[in-house]
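Commentary on secondary and tertiary structure
One letter stands for each residue in the lines below.
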Amino acid sequence: MKWITNFLLSSIGKKLIMSLTGLFLCLFLIVHMIGNLQLFAGLPAFGGDEGEAFNTYAYMMTHNPLIKIISYGNYFFILLHAVQGILITMQNRKAKGGKYQGSETAKTEAKVASRNMAYLGILILAFIGLHMWQFWAHMHFFEMDQVKYASMGEPIKDLYSLVAEAFKAEWVVIFYLISLIGLSMHLMHGFWSAFQSMGLNNQKYSTIIRGAAMGFAILVPLGFASMPIVFYALSK
Amino acid sequence: MAHGEIKLNLHIWRQKGVNDKNAGIKTYKNVNVDTHMSFLEMLDVLNTKLIEEKHPDGPVSFEHDCREGICGSCSLVINGRPHGPMQGTTACQLHMRHFKDGQDVYIEPYKATAFPVISDLVTDRAALDRIINAGGYVSVNTGNAPDGNAVLVPQDISDEAMNAAACIGCGACVAACPNASAMLFTSAKVSHLALLPQGQAEATKRVKKMVATMDREGFGNCSNIGACEAECPKEISISNIARMNREYFSAVVGKD
Amino acid sequence: MSTLDSKVPAGELAEKWVQYKSTMPLVAPNNKRNIEVIIVGTGLAGASAAATLGELGYKVKAFCFHDSPRRAHSIAAQGGINAAKNYQNDGDSVFRLFYDTIKGGDYRSREANVHRLAEVSADIIDQCVAQGVPFAREYGGTLTNRSFGGVQVSRTFYARGQTGQQLLIGAYSALSRQVSLGNVEMYSRHEMLDLVVVGGKARGIIARNLLTGELTRFGAHCVVLGTGGYGNVFYLSTNAMGSNTSAAWVAHKRGAYFANPCYCQIHPTCIPVSGDYQSKLTLMSESLRNDGRVWVPKHMDDVKALRAGTKKPIDLKEEDRDYYLERIYPAFGNLVPRDVASRAAKYRCDDGYGVGTTGLAVFLDFAAAIERYGKSAAISQGMPNADKVTITKLGKEVVEAKYGNLFEMYEKITGEDPYKTPMRIFPAVHYTMGGIWVDYNLETTIPGLFATGEANFSDHGANRLGASALMQGLADGYFVLPYTIGDFLSKEIRTPMITTDSPEFAEAEQNVQGRINELLAVNGTRAVESYHRELGVDIMWEYCGMSRNAEGLRLARTKIQALRKDFWKNVYVPHTDKEGIEFNPELEKALRVADFFELAELMVVDALDREESCGGHFREEHATAEGEAKRNDEDFTYVAAWEFKGVDADPQLHKEELVFENVELKTRSYK
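Quantities reported herein were computed from a predicted structural model and do not represent experimental measurements.

What follows covers the overall build of chain C. Of the regular secondary structure elements, chain C holds 18 helices and 20 strands. A compact globule built from 671 residues would reach a C-alpha radius of gyration of about 26 Å, and chain C, at 25 Å, matches this within 12%. Principal axes of the C-alpha set define a box for chain C whose edges measure 80 × 60 × 50 Å. Taking all 671 residues of chain C together, 65% fall into the buried category. Long-range contacts, defined as pairs at least 24 residues apart, comprise 74% of the intrachain contacts of chain C with a sequence gap of at least 6. Of the accessible surface of chain C, which amounts to about 22900 Å², a share of 49% is contributed by carbon and sulfur atoms. Each charge class in chain C was averaged separately, 76 positive and 86 negative side chains, and the resulting centres sit 3 Å apart.

See the structure below:
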């Protein structure tokens, strides 16, 4: 079994962990975004279901045992991705041993993002912290307003109103938008990079993968950003 | 073409020995430079001046040999870029007409803990040799070879192998990488031999040993920034890194 | 004067090597483990020998002054490597390669060696392919070839314009494998500064660790020098900056004869000197002369206008240009051999027709080729009436496909676009055919000292053909020395490991330390570089370069002596340690230049002695009425091997008579 630890501790093994966890988190982002877009169903312009779709979805996400298992996996992957990323960055800094005083750098794709993945990652981690405190922690541990729908037997927690309330605050919206720009940059490099690390990149596929990365890195954060923007705008 | 004269302010890293506490940038102002000179000839002229003036700093040490872009000795970081601003060009083939009168030029040694500085701009790149020693060869004794045409190699495969084999071992990829990773160097050798049928027999063993040695030498981890590819004087592609990753996975996961 | 024994085995030319190989004494594997071999230099000849001897089981110590064996100057060879494979079915054979090499060398090489070289040439290609050298291939996967100057077949194998690099990487990787197996100990950044001879046999070296400056003694049963040529004596050459003669020269001073030092190859197509700061010259491949036309202006006022910049080369009309190679050598035109093309360019410049700011350049013009290719491309694309712009565009594309890399390199260096204005080229020192004298075993006149590759006086006679240097270096290292070294070592199996505390080692170390101390103590005012430049450019190139005469050579000798004395009085080598125990590249350079002075004198002596013109040695007194080289087979069909008698004493000449049993000596003519 030594070969497994050897592999996972090798530089290429570590990259593989980063890319697999990263791609899993990309998958999570898609699911999370689609789920969250149900917020819009609560708006009068889209039917105004008073948050039923979103709240029943949130209920399901916190009560379905299968989803629970997956979510624990998700937390683990976020932590693994973050910790591994920080460790790698520290190791890389040690390997480099300093910066050049000359200030030019070569033109590369995703130049700013690729050189600052750790900072972008920390921004995203901070965002996750805030985001989970705002909503996840309330859903799991705190008392919250409840709401009763015909489709559900018991009254359930009204996450919809909590979200709508949160997005009225200017600083929350601004922080969300900054974080999503950070996410977009992180993805711009990270999505493509995962394929490169897994060895799936070559001159033939490169353009396709880069195109997909670009699309993903723009569309997903844009989808997320639409919620605070719209809710904030409508609150005024 | 007419010769031009420009003046440059040279900010050069000076260091005596590996543990020099006083190492740092020293500035040589208003150095006269003929625009026809190569970058290294500019340093030659500066050195002759420093020598004949018996300047306390002494001449600037830098590595160089063939001065035609193939031996890989020269290893300067010019204004933050290994081999300077021109793409696909080694420092020895960089000419001074690409600089402007009055420009500040920073000249530093490669930065990577795996490449300790020996003196001024000279670094010890023996770690790259050790990576090759670990498996960058085909195990074939002299006299054992079959006829050159006994194994056919399709032209595109041969060309692709040649693209990777063009590496001059200068280490600019490591110097350019913010992580000081040696993945482009190692992957170029792994790719060169993995692509050719002659290198197949020991391909799995080779990639494992070379990557292990690379890691042990204290190079950083690749995070796919691509600075290596952009600064490589032979323009070696990072698709070689993807290929090495593939080779590595199949070597590790494949049969023992 | 004595006559040297070349130890060429008896028998038919084609059978000699095969018979010799199968009857020569061998060293058993259990004995090989106890025999040490020092190999100095790890270019093609040294690395291939070190790898092969390591594979055979000898204990090898290999030395190079670079930080890695991969940096040796073999790496810079562009064109290719010859081999008598006859893959092209164009009538090539071992005999034809042998014959071409003998003739190309102007009948001044040893028949048996050259034939052996041709015999093993095919094995080299097989070996390199097996190592993973990515030679150029046809679509079908077979190896492809191209043609080179002086021959009528296509036998040159190549890897783009980087054949030397790829072959060196092959040899370096074979060497690396032996290092990893513990069979070879690699000492990089070590420079050999003396040879240790014990009891008449070469038993070790004194090497300076270039990082620390410390001198170390290394002992072995025998020593192999694969340390390259001495073209850098001219200061400006296509050699690398570090290429030097020191290892060979100290061996010479310890008793190894130096053969034919005056044979230097001057390559006609190099980028000319642009100023006093110039440090080296860059070669433009010989292949360019397939399509480029060489010319200078016909009229002196055009020359002046060009230099003043009032006219551009493209302004000159066809009738105002002198395509002198086509005019003088209509049969071969621009494709005459290297020595002929070089001399012709020199004559034009001597007469004042040279171009460029220095007047030391001629044009190599591709306009006609672009137009010719453009026209045929236009026709094949169905545009027989294409205008000039289209033709030029199409022609440029064809030329780019053929020579794109070289044009790019030219533009990088000169800043001029050779598609628009003709290239300026001038001859430059490129290779030295002379070197340490060796017998058929590659053994020098010191028993146990061997020399391989460019370091020995080689198989190329007075002139080397293109793509033959790589062939010879690898032939010596892979396929010749590993056999022939057994002749010496088989008698050494009872010799214990060589200890380095004998008085001979101490004397050699003191000798080196004394030289270093002396150099550092001079503390003069002048930098080493400027001495080297004066020796190379002002004396050697001027008087012992492309053409030589007795008067100039005599003058050169006194000038060299005077400059050498001045060097030892006025040179300034910066240092902080007075014994040189530190990293000090200036000291390295000074030690090399000090040896170049002594070698330079020997070259002049040899050039003066050889009263004929042959190959790379052209004496103005021995020319035909048209200025062509005139050999003197009657008196000079010999190898001149010089014995060192002291720095200020005349060297002593020894002759190896060359016997030609299989070829007839003819005059080369290219008209």
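Next up on the list: the overall build of chain B. Looking only at helices and strands, chain B features 8 helices and 7 strands. Principal-axis analysis of the C-alpha atoms gives chain B an extent of 65 × 45 × 35 Å. For chain B, long-range pairs separated by at least 24 residues make up 72% of all intrachain contacts whose partners lie at least 6 apart in sequence. Counting 25 positive and 29 negative side-chain charges, chain B places the averaged centre of each group 5 Å from the other.

Right, let's get into the interface of chain B and chain A. Tallying the contact residues gives 48 residues for chain B and 39 residues for chain A. Taking both sides of the interface into account, the surface hidden between chain B and chain A amounts to around 3500 Å²; carbon and sulfur atoms contribute 53%. Of all residues in chain B, Asn221, Asn224 and Phe249 of chain B bury the most surface against chain A, accounting for 19% of the area lost on that side. Applying the counting rule to chain B against chain A returns 0 salt bridges. Where chain B packs against chain A, one counts 23 residue pairs in polar contact (both at pLDDT 80 or more). Among the secondary structure elements, those contributing two or more residues to the side of chain B that touches chain A are β5 (104–109), α4 (172–176), α6 (203–216), α7 (227–231) and α8 (239–253) of chain B. For the side of chain B that touches chain A, the leading source of residues is α8 of chain B, giving 9 residues. Split by residue class, the side of chain B that touches chain A holds 28 nonpolar, 13 polar and 7 charged.

This paragraph deals with the interface of chain B and chain C. By a widespread convention, an interface's size corresponds to the accessible area lost as its parts come together. Residue-level contacts link 74 residues of chain B with 77 residues of chain C. Buried area between chain B and chain C, summed over both chains or domains, comes out near 6200 Å², and the portion from carbon and sulfur atoms is 51%. Counting across the chain B and chain C interface gives 5 salt bridges. In this structure, Glu63 of chain B engages Arg189 of chain C in a salt bridge whose closest nitrogen and oxygen atoms are separated by 2.9 Å. Applying the counting rule to chain B against chain C returns 46 residue pairs in polar contact (both at pLDDT 80 or more). Elements with a contribution of two residues or more to the side of chain B that touches chain C: α1 (39–52), β6 (117–119), β7 (122–123), α2 (126–133), α3 (155–165) and α5 (183–195) of chain B.

Now for helix α9 (residues 206–235) of chain A. Between its terminal C-alpha atoms α9 of chain A stretches 44 Å, which fits the 44 Å expected from 30 residues at 1.5 Å a residue. Taken as a whole, α9 of chain A carries its principal kink of about 25° at Ala225 of chain A; the proline Pro228 of chain A stands between one and four residues after it.

Residue and element names in this part refer to chain C. As for its position among the elements, Gly616 is in the loop between α17 (585–609) and α18 (633–636). Here Gly616 falls in the buried class, since its relative accessible area comes to 10%. Between the C-alpha atom of Gly616 and that of Ser243, which follows or precedes it by 373 residues, the distance is 20 Å. Beyond its immediate stretch of four places on either side in the chain, Gly616 contacts Cys262, Cys264, Met433, Ala462, Asn463 and Arg548.

Further remarks concern the pattern of salt bridges. Two side chains bearing opposite charge may form a pair once their charged atoms approach each other closely. Residue and element names in this part refer to chain C. Tallied over the full model, the rule gives 62 salt bridges over all chains. We note a salt bridge from Arg321 to Asp365, for which the minimum N-O separation is 3.0 Å. In this pair, Arg321 is assigned in strand β14 (residues 321–322) and Asp365 in strand β15 (residues 362–365), connecting sequence segments 44 residues apart. Given a relative accessible area of 9%, Arg321 falls into the buried group. Look at Asp365 and you get buried, because its relative accessible area is 7%.

Residues and elements named next belong to chain B. Domains assigned within chain B are domain 1 (5–119) and domain 2 (126–253). On a C-alpha basis, the centres of domain 1 and domain 2 stand 29 Å from each other. Listed per partner, the contact involves 20 residues of domain 1 and 20 residues of domain 2. The junction of domain 1 with domain 2 conceals about 1400 Å² of combined surface from both sides, 59% of it contributed by carbon and sulfur atoms. Viewed at the interface, domain 2 and domain 1 are joined by 1 salt bridge. Counting every contact that joins domain 1 to domain 2 gives 5 residue pairs in polar contact (both at pLDDT 80 or more). A per-class count over the side of domain 1 that touches domain 2 returns 9 nonpolar, 9 polar and 2 charged.

Basis of the calculations
- Residues numbered from 1 in each chain as written.
- Chains lettered and ligands numbered in written order.
- Predicted model: local features only at pLDDT ≥ 70, side-chain atom pairs only at ≥ 80, totals over all residues.
- Heavy atoms only, no water.
- Helix = DSSP H or I, 4+ residues; strand = E, 2+ residues; numbered from the N terminus.
- Rg over C-alpha atoms; globule rule 2.2 N^0.38 Å.
- Buried < 20%, exposed > 50% of the residue type's maximum accessible area, 1.4 Å probe, protein only.
- Contact = heavy atoms within 4.5 Å.
- Areas by Shrake-Rupley, 256 points an atom, 1.4 Å probe, with all protein chains shown as cover.
- Lys, Arg positive; Asp, Glu negative; His and termini not counted.
- Charge placed at Lys NZ, Arg CZ, Asp CG, Glu CD.
- Buried area = accessible area lost by both parts, 1.4 Å probe.
- Salt bridge = Lys/Arg side-chain N within 4 Å of Asp/Glu carboxyl O.
- Polar contact = N/O pair within 3.5 Å; in protein donor to acceptor, adjacent residues only side chain to side chain.
- Nonpolar A, V, L, I, M, F, W, Y, C, P; charged D, E, K, R; others polar.
- Expected span 1.5 Å × (residues − 1).
- Bend = angle between axes of the 7 residues up to and from the residue.
- Domains from an automatic or database assignment.

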